[in-house]
Structure formats: structure tokens, C-alpha cells
Amino acid sequence: MSVVFRMDAPYRGAYELHRLTFGSGSPTVSIVAGLHGYELTGLHAVNMLATMLRVQPPRGTVHLLPLVNTFGADEARKRWPFDDQDINRAFPGDPSGTAVQRIAHALLEHSTADVCVDVHSGAPHVRELPQVRVPLGGEELELGRAMKVPVVWRRPGDRLDATGLVGAWRLAGRRALVVEGGRGSTLDTSHSETIARGLAGLLAHMGVLPAGGGPGTLADVTHAQVAQHRADMGGFFVPEVRIGQQVAGGQLLGHVQAPVGGERLGELRARRKGIVMTLRAYPLVHAQELLVRIAELP
Ligand SMILES: [Zn+2]
């Protein structure tokens, strides 16, 4: 492990950006996790991949940056603690800017590679089935599919903002993917394992590892095929399904109850057949908040 960037902090120990490098030569891959401090499913997945790479040295170079926002992780926060800035909105960064801008600049410099992956979790109030978010076509789509994670979500590339890491990588001409799985502030070891196997699948597809791949893709969908089911009213959401479950059109997804007394206020039903890819974890909800996302199947 090496420290690729160091920055003094006013009181606690210095901020350090850590990188683990395996192998040498081309192709090169950089995998980043923990841009958001409390998203630790990805940190664990990257550490699992490091264990695989110690056993099976890669043909090529793999850089792992398992935890960018160390100070945020310390405090179970998404953003950088001191000024509450999102590192994932600070790219391309500035070597003489604010702390977050300096970290963004250093991260972009030290994640140079042919293929780059940014690993996230859902927010603390939702759980995400491991998924790769890719453009509608091209090599990045093929790389994403090679991971064999449960959901491949094809999204228009023009949605990506260059102030985010993946947008900044693409602007620099690198092939870049977003992987998301699990829930903020929570460790889902099965999701970490799926993501680690998916990352190994990507490396296998590139010829860097001999084998790898997640448990298989359940849904390969465009944005129009992802149905967002939101709360009609505020209340206490009790799910009747679990993440990754296949549901039929019209199937009961959950109830909204009165938080005190438990009377049923409403029910939520799947609009179409599909896979539960996002599920509300924190039960108190306000009207219009996301409860369930279904990756729709034909
Ligand atoms: Zn995130």
C-alpha cells in the first residue's frame, strides 16, 4: 500500500489517500470506492478483490483506492466533514483549492487507467441490489455486462456531469463504469461479495485475471424499464418483498401504515413484472419518496 496524496488536517492526523497496486504493464485498471464516506459495502468489496489479487497476480496493472473520504467514513457521513462538500461534485479539482478540490485533483491524477470503476452504495435509507450503470452502447456497456452482476442499468451518457468522478474520467478519454450496491452506513457482505466477483469478471473480460464474474444478470434494462414506485402518502412503510426478488405485475410490494396505531393507509403494487432492485430500508416515509424500484422484465 502506498500513500499517493497527503494533506495536513487542522487537528487530527493528516489526510492520506491510499492506493494498492497489483501487477505491472498494460492493460491498466483503477477501482475507486468510498468517495462517499459512509458507503462501506464498496470498501469491503475492493478489499475482497485485493485478497483475490494477492493469490492470483494480474496480467496488467490494477490500482485499488478503497476509501477516498476517510474523514467522512470516521463520522459515518457521506460528505467531507469540515465544509460538508461532496467530493463527487468537485472534479476535476484544484491542487491549490479547498480540501475537497485538492482530494479530487489528486484522485484524478492517481487513478489514470484504461478502464476505471467507481463503486458506491445506496443512501442509508435504501438498499440497492448490486448493479452496474453503463451508457446505452459501446465498449463500456460490454465491460459492464462482463461483470455479470444482478442488474445492468443502461443510462444516457449525457446525464453525467463532469464534476463527478465518472464524468471526469470519461472527459479524459477513459472508459468508466459506476457500480452500486448495498446500503449506506451498513455492511451487506453478500452484496460486497457480488461486487467483488463482478469486478473480477471485468478483469477476466480484459484478460487481467483468468476467471471471475458475479452470480449472473437478472435484468439488463434502460432507464425507461426501471419503474420508480413512490409513496402516495407519508407513513410507516412495511415491505412485503425482498431485494433481488422477482415480482409479478400487480404483486403487493408493501403497505404504508399509520406510524402510531398501525392502521393501513395504503398499499403499493408492482406495475409490471420485474426484479426488486431498490428497496426502502428506513420505514418512516414522506409522500413522494422512493419506496421500490423495479427493473422491469418483458
Ligand atoms: Zn455514493
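The model shown is predicted, which means the values in this text are computed figures rather than measured ones.

Trainee: Could you give me a rundown of the overall build of the protein, with the residues and numbers involved?
Mentor: Assigned secondary structure in the protein consists of six helices and 17 strands. Taking 2.2 N^0.38 as the reference for a compact globule, 298 residues should give roughly 19 Å; the C-alpha atoms of the protein span a radius of gyration of 20 Å, in line with that estimate. By residue count, 48% of the 298 residues in the protein fall in the buried class.

Trainee: Could you give an account of the domain arrangement of the protein, naming the residues involved and the relevant values?
Mentor: How large an interface is tends to be reported as the accessible area lost when its parts come together. Examined at the domain level, the protein breaks down into domain 1 (2–217) and domain 2 (222–296). Computed from C-alpha atoms alone, the centre-to-centre distance between domain 1 and domain 2 is 29 Å. Each partner contributes residues to the interface: domain 1 has 14 residues there, and domain 2 has 14 residues. Among the secondary structure elements, those contributing two or more residues to the side of domain 1 that touches domain 2 are β6 (126–134) and β7 (151–154). Broken down by element, the side of domain 1 that touches domain 2 gets its largest block of residues, five residues, from β6. Partitioning the side of domain 1 that touches domain 2 into residue classes produces six nonpolar, three polar and five charged.

Trainee: Help me get a handle on the sheet that holds strand β13 (residues 252–257), residues and values and all.
Mentor: The strand order across the open sheet formed by four strands is β14-β13-β11-β16, and the pairing between neighbours is antiparallel. At either end of the open sheet lies a strand with only one pairing partner, and these are β14 (264–269) and β16 (284–285). Bridge count for β13 against β14 is five bridges, and the pairing is antiparallel. From the neighbouring strand, V256 faces β14, where its bridge partner is G266.

Trainee: Tell me about helix α3 (residues 99–109), and name the residues and values.
Mentor: Those residues of α3 not exposed but buried are A99, V100, I103, A104 and L107. One side of α3 carries all its buried residues, which in axial view fall inside an arc of 135°. In the core, the buried residues of α3 are packed alongside β1 (2–7), β2 (15–23), β3 (28–33) and β4 (61–65).

Trainee: How would you sum up the packing of helix α1 (residues 41–55) against helix α6 (residues 189–205)? Please name residues and give values.
Mentor: Packing of α1 against α6 leaves a shortest axis separation of 8 Å and a crossing angle of 50°. Accordingly, the angle class assigned to the pair α1 and α6 is oblique. Seen from above, α1 lies across α6 with right-handed handedness. Residues T41, G42, H44, A45, M48, L49 and M52 of α1 pack against T189, H191, S192, E193, I195, A196, L199 and A200 of α6.

Trainee: Describe α1, and please don't skip the residues or the numbers.
Mentor: Across its 15 residues, α1 extends 22 Å between first and last C-alpha, which sits within 8% of the 21 Å expected from 1.5 Å per residue. Of all the residues in α1, the buried ones are T41, G42, L43, H44, A45, V46, L49 and L53. Tucked inside the fold, the buried residues of α1 contact β2, β3, β4, β5 (115–122), β8 (175–183) and α6.

Trainee: Before we move on, can you summarise the pairing of β4 with the specific residues and values?
Mentor: Summarising burial for β4: four of the five residues are buried, a large majority. As paired strands, β2 and β4 are joined by four bridges and run antiparallel to one another. Pairing of T21 across the sheet is with H63, part of β4. In this sheet, β4 lies alongside β3 in parallel orientation, the contact comprising five bridges. Note on β4: the bridge partner recorded for V32 is L65. Taken together, β3, α1 and β4 form a β-α-β motif whose crossover is right-handed.

Trainee: Could you give an account of the nonpolar core, with specific residues and numbers?
Mentor: Membership of the largest hydrophobic core comes to 83 residues, with the highest contact counts inside it found for V32, V68, V119, V151, L199 and L203. Here this core takes six residues from α6, the largest share from any one element. The residues that make up this core include at least three from each of domain 1 (2–217) and domain 2 (222–296).

Trainee: Break down the pairing of β8 for me, with residues and values.
Mentor: The buried count for β8 comes to eight of nine residues, which makes it a mostly enclosed element. Here β6 runs beside β8; their pairing, made up of four bridges, is antiparallel. The residue bridging R133 from the neighbouring strand is V178, located in β8.

Basis of the calculations
Residues numbered from 1 in each chain as written. Predicted model: local features only at pLDDT ≥ 70, side-chain atom pairs only at ≥ 80, totals over all residues. Helix = DSSP H or I, 4+ residues; strand = E, 2+ residues; numbered from the N terminus. Rg over C-alpha atoms; globule rule 2.2 N^0.38 Å. Buried ≥ 20, exposed ≤ 12 C-beta atoms within 10 Å, placed from the backbone. Domains from an automatic or database assignment. Contact = placed C-beta atoms within 7 Å. Nonpolar A, V, L, I, M, F, W, Y, C, P; charged D, E, K, R; others polar. Pairing = 2+ DSSP bridges. Arc of directions from axis to C-beta. Axes fitted to C-alpha atoms, helices over the stretch in contact; angles between N-to-C directions. Parallel < 35°, antiparallel > 145°, perpendicular 65-115°, else oblique. Left-handed = near helix turned anticlockwise from the far one by under 90°. Expected span 1.5 Å × (residues − 1). Right-handed = clockwise from strand over helix to strand, strands pointing away. Core = buried A, V, L, I, M, F, W, Y, C linked by C-beta atoms within 7 Å.

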